[in-house]
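Chains, contacts and geometry: an overview
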Amino acid sequence: MGGAAGHMSHPYDLAWVNTGDDLVRFFELAKDVEGTVKIDGVNVSFKVVGEGDNKQFAVDRGSLKMIDIEGVTIDRVEERFPKEGHGMRRMVPNLLNILNEALPSVKSELEAFGMWDDPSRFLNTEYVEGTTNVTAYDKNFLAIHGLNHFYQKVGKVGKAKGVARPGVERPEGVTAPSVEVPYEDRAMESFVKKINAVAQNYGFEVISEAQVRRMEDANIDFSEALAENLTIRISEDREITKSLREWLSEVTNPRYKLIKGTDGKTYNALHRELYYKLVEEGIPVTKLIDQADAQDAIFGAVMVHAVRTLGNVILRASTSDLGDLTSHEGIVLRNKRKFKTANPVKITGEFILGNLGGGFGGGAPPGNRDEEMVELEIEDEEAPPVGPTEGHTVAIVPGAFKPPHLGHVDMVRRYAEGDGVKRADEVIVLISNPLKQQRTIGKDGRPISADDSQRIWELLAGGMPNVTIQRSSMASPIQAAYEYIGPEGPLEPGMHVVLGASRKGDDWKRWQGADKYIKPGVVLEDVELNAVDPSIRSNGEPYSASDFRELLSSLEASIDEIAEFVGSRENAAAVLEILGLGSPMPMEETSSGAGGAVGGFSGPFGQSSPDDILPHEILGKRDNKKKKKKKKKNESVDLSVVDEVFKLLNERGIIS
């Protein structure tokens, strides 16, 4: 189940299932919970849109596309699904025709569902057209899973940035797109009956959820399954065999931790095709996975195997009006008290391998899936990926930036352009807000604020395409980045993320372990591979914020030295203004015997250019007590310095 209803959890997705023993406990709890049949179809969500007499049904895939938020009405199907031959283009018009024809007769039921005047509520359904996915059905039907309500959501990245989806307030820690809401069984029974009266004319049937019941004399006992041996080959000449119970007593849940394959690609530890290669085909772990990630790969395979094996025990003891459960995708369970979640949990058993089609290294058993319909199922899926995905790439460049300089800007440019690193579709500059160890400049020790950093960033990189400057409340750059890429951050499953780093002092190593914080389903690119070489100044040294601060506090720095850190003399003047260190003083056109004409040049603030003014005079920090340097014997006089001083005296009216 995907799209508007979101990802339906496997047992190992539950927050409290942290070990193999926790997983066994889940199944012991689950065997006595009443459930419904998990239909193997394509998730479709219907809502009611329009005003007054213009009410009609519409499809909503749950994305932040405006057409979904407004509703895909029958006249907009080809706009939403423009690809010729797209499965939705075949399916949705028929379903909308059925629902719209029955609409007048089901108004009272829709009002009871709270849908009549609230398009943020929708019917969560599963569409089956014969063999839609893996399971072969002998009829076309629409199964209504239940009633859902969208959570409020505002897009934070990419094309959806700033787009708002209305709905109920989202509780803290919840990432699902919607929540199930209760409804009256009688209202649903009446709704299904009335819709069916129309659907049969179109060769369709509409059903509500089919209840699962225990087979007669069936006894659910996991002892035999837990005693079965599981062998995992570590290398060509070494393997480990233990009972499933022994394995589960030792493993911890790796969840969707990202691990690196020997092919250089990134996979999650609960990758089902990885499980197939390790357990079913017996390929050695070291042949598939980097040694550093071997344990997570093994633990993931054990967890998937347990869900498959223990799930089969429950499915083989269950049946329904739609037949035995082994012929369906599985069972949907709901029990907030036992499972500590209001969301449904699915037990799939053997089906966990049923929809594999190629993938990790090839060779996985192909399903008989209609590939067009597979595309529909995963189009807006929020589940963690089952393999590498090529999605929107976001580069995160965090820092306190006290202050920003061209070295920082060049790093952003390289990620934006893909200059020697993975190109990002969007670069986010995250400015952290340190509470201690304030960086200061100038004689009086003025601290550089996050506001200063943001203004300088906007000056230096504000015009770069696909670059966004953001502030973070976090004190450290690492905290800021982890908050952004974590479960509550704005990234969507399927996206790729690059954490900005340089090779200066092995800066990239600070991101080791970042995979522990990343949102499930977001792909973390190899940080070392995408670290940038530091940009070099004219003196052969890398750009440094500490060097820049020292320069800004110096009494002897030239305007050209400051400009080297920010790109131009005009930028230097603007930075001095931002930092409160003064601004270029107006210069009247005068002449002098030694310096010639000194023309006023209009800078970015409508003031004279600082070209001919000593920086420490701009800063207002001239040290009158500064000791003169003794001229070495036979040392020639630098006439440019004399000229600069002469112009300064001229400007101040001391000479004319």
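Let us look at the structure shown here. Note that the structure is a prediction, hence the values are computed from the model and not measured. (Residues numbered from 1 in each chain as written. Predicted model: local features only at pLDDT ≥ 70, side-chain atom pairs only at ≥ 80, totals over all residues. Heavy atoms only, no water.)

1. Re the overall build of the protein chain
Secondary structure assignment for the protein chain yields 21 helices and 24 strands. Among the 656 residues that make up the protein chain, the fraction classed as buried is 53%. Summarising the internal contacts of the protein chain: among those between residues at least 6 apart in sequence, 70% fall at separations of at least 24. Roughly 30,200 Å² of accessible area belongs to the protein chain as shown, and the carbon and sulfur atoms make up 47% of that amount. (Helix = DSSP H or I, 4+ residues; strand = E, 2+ residues; numbered from the N terminus. Buried < 20%, exposed > 50% of the residue type's maximum accessible area, 1.4 Å probe, protein only. Contact = heavy atoms within 4.5 Å. Areas by Shrake-Rupley, 256 points an atom, 1.4 Å probe, with all protein chains shown as cover.)

2. Examining the nonpolar core
Nonpolar side chains tend toward joint burial in soluble globular proteins. Core analysis: the largest hydrophobic core is formed by 64 residues, its most contacted members being Phe 26, Phe 27, Leu 248 and Val 302. In terms of residues, this core owes the most to one element, helix 11 (residues 294-316), which gives 14 residues. Non-local contacts of Val 302, meaning those with residues more than four positions away in its chain, are made with Leu 230, Ile 232, Leu 244, Trp 247, Leu 248 and Val 251. Listed in part, the 41 residues of the second largest apolar core include Leu 95, Ala 102, Tyr 127 and Ile 195. (Core = buried A, V, L, I, M, F, W, Y, C linked by side-chain atoms within 4.5 Å.)

3. Considerations on the pattern of salt bridges
Side chains carrying opposite charge are able to pair once their charged atoms draw close together. Counted according to the given criterion, the structure contains 28 salt bridges. Residues Lys 47 and Asp 60 are paired through a salt bridge, measuring 2.7 Å at the closest nitrogen-oxygen approach. You can see Lys 47 sitting in strand 2 (residues 42-49) and its partner Asp 60 sitting in the loop between strand 3 (56-59) and helix 2 (66-70), a full 13 residues away along the chain. Asp 60 shares its class with Lys 47; the two are buried. One salt bridge in this structure joins Glu 350 and Arg 308, with 2.5 Å as the shortest N-O distance. Highlighted residues: Glu 350 in the loop between strand 17 (345-347) and helix 13 (371-378) and Arg 308 in helix 11, separated in sequence by 42 residues. Residue Arg 308 is classed as buried on the basis of its relative accessible area, which comes to 10%. Among the charged side chains, a network of salt bridges with common partners joins Asp 410, Arg 413, Glu 417 and Asp 419. (Salt bridge = Lys/Arg side-chain N within 4 Å of Asp/Glu carboxyl O.)

4. Describing the packing of helix 1 (residues 20-30) against helix 11
As a packed pair, helix 1 and helix 11 sit with axes 11 Å apart at the nearest point and diverge in direction by 15 degrees. By the criterion of interaxial angle, the relationship of helix 1 to helix 11 is roughly parallel. In the crossing of helix 1 with helix 11, the sense of the turn from one axis to the other is right-handed. Here Gly 20, Leu 23, Phe 27 and Ala 30 of helix 1 come into contact with helix 11, specifically with Met 303, Ala 306, Val 307, Leu 310, Gly 311 and Ile 314. (Axes fitted to C-alpha atoms, helices over the stretch in contact; angles between N-to-C directions. Parallel < 35°, antiparallel > 145°, perpendicular 65-115°, else oblique. Left-handed = near helix turned anticlockwise from the far one by under 90°.)

5. Side note on the packing of helix 17 (residues 545-553) against helix 18 (residues 559-566)
Direction vectors running N to C along helix 17 and helix 18 enclose 150 degrees, while the axes themselves pass 10 Å from each other. Comparing their axes, helix 18 and helix 17 come out roughly antiparallel. Helix-helix and strand crossings are classified by hand; for helix 17 and helix 18 the assignment is left-handed. Across the interface between the two elements, Asp 547, Phe 548, Leu 551 and Leu 552 of helix 17 pack against Glu 561, Ile 562, Phe 565 and Val 566 of helix 18. Here the residues of the contact of helix 17 with helix 18 are counted per class, giving six nonpolar, no polar and two charged. (Nonpolar A, V, L, I, M, F, W, Y, C, P; charged D, E, K, R; others polar.)

6. Topic: the sheet that holds strand 16 (residues 330-333)
What the three strands build is an open sheet, ordered 1-16-17; its pairing is antiparallel. Edge positions in the open sheet fall to strand 1 (35-38) and strand 17, since each of these has one partner strand only. Each strand of the sheet is rotated relative to its neighbour by a mean of 35 degrees, with strand direction disregarded. Sheet topology places strand 1 next to strand 16; four bridges connect them, and they run antiparallel. Within strand 16, the position partnered with Thr 36 by the bridge is Val 332. (Pairing = 2+ DSSP bridges.)

Interpretation note: all reported values are geometric properties and have no functional meaning in isolation.
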